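What the coordinates show
Read off the chains here:
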Amino acid sequence: MAGSSDRQVTKAGQRADAPPRAADRIRATVRDLFYRQGIRAVGIEEIVERAGVTKPSLYRNFASKDELAADYMRDYDAEFWKRFDAILARHPVDPRAQILAYLSSVGERAQSADYRGCGMTNAAVEFPARDNPARLVAVENKRELRRRLTGMAKAMGAAEPEMLGDGLYLLAEGAYASGQLFGEGGPSRSLAAAADRLITDSLKT
């Protein structure tokens, strides 16, 4: 029979009660710093100090700050779709309810005092170079969101699903931006209601 110490070893070979690896601490640290302050505003010195690691340790795990930023974006992307899919799963056969539930969630988050918008949108603004690794992750995320919204518009029977998908996408992006300006009581509180009216108008024959 395996001893208790054997049972505490994870699939990755790390003890379940062991402290997080340096790479995990770095990723958790930049997840907060990059979102709150912006990627360009955060220096390597602040990252290693907050994460409790050394510069050599950081560069053993991430070749450059650009690659660290891209890794942050990939983590953000995975979190985004996990949250998105969980919301849609509540309404498995009702695309209209799926869209409204997603946009209601966006509108609610954008009312928070500490809301900093969408990390994907923020990164695309920070990095205008088309081949920047972080920007590439952001662009693919936005393309996929637009594709999914258009797909749900088509599933609802919209006469012009591409136009409806684009309209819904633009409403979401407006909430991402305005949430940083207005916070509680801002225009994002009307996001789901505005989307519902847009959908209704799009479904009229």
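Our subject is the structure that appears above.
This write-up is about the structure you can find in this document. (Residues numbered from 1 in each chain as written. Predicted model: local features only at pLDDT ≥ 70, side-chain atom pairs only at ≥ 80, totals over all residues. Heavy atoms only, no water.)

Observations regarding the overall build of the protein chain
When its secondary structure is counted, the protein chain shows ten helices and zero strands. For the protein chain, the sequential pattern of α-helices and β-strands runs α-α-α-α-α-α-α-α-α-α. The burial tally for the protein chain puts 42% of its 205 residues in the buried class. In the protein chain, the share of contacts with a sequence separation of at least 24, taken over all contacts with a separation of at least 6, comes to 64%. Accessible surface, the protein chain: about 11,500 Å² in total, of which carbon and sulfur atoms supply 53%. (Helix = DSSP H or I, 4+ residues; strand = E, 2+ residues; numbered from the N terminus. Buried < 20%, exposed > 50% of the residue type's maximum accessible area, 1.4 Å probe, protein only. Contact = heavy atoms within 4.5 Å. Areas by Shrake-Rupley, 256 points an atom, 1.4 Å probe, with all protein chains shown as cover.)

A word on the side chain of Thr-29
When you line up the elements, Thr-29 lands in helix H2 (residues 22–37). Looking at Thr-29, the relative accessible area reads 14%, which means it is buried. Among the polar contacts made by the side chain of Thr-29, one reaches the main-chain carbonyl oxygen of Arg-25 at a distance of 2.8 Å. If we skip the residues at most four places from it in the chain, Thr-29 touches Ile-47, Arg-50 and Ala-51. (Polar contact = N/O pair within 3.5 Å; in protein donor to acceptor, adjacent residues only side chain to side chain.)

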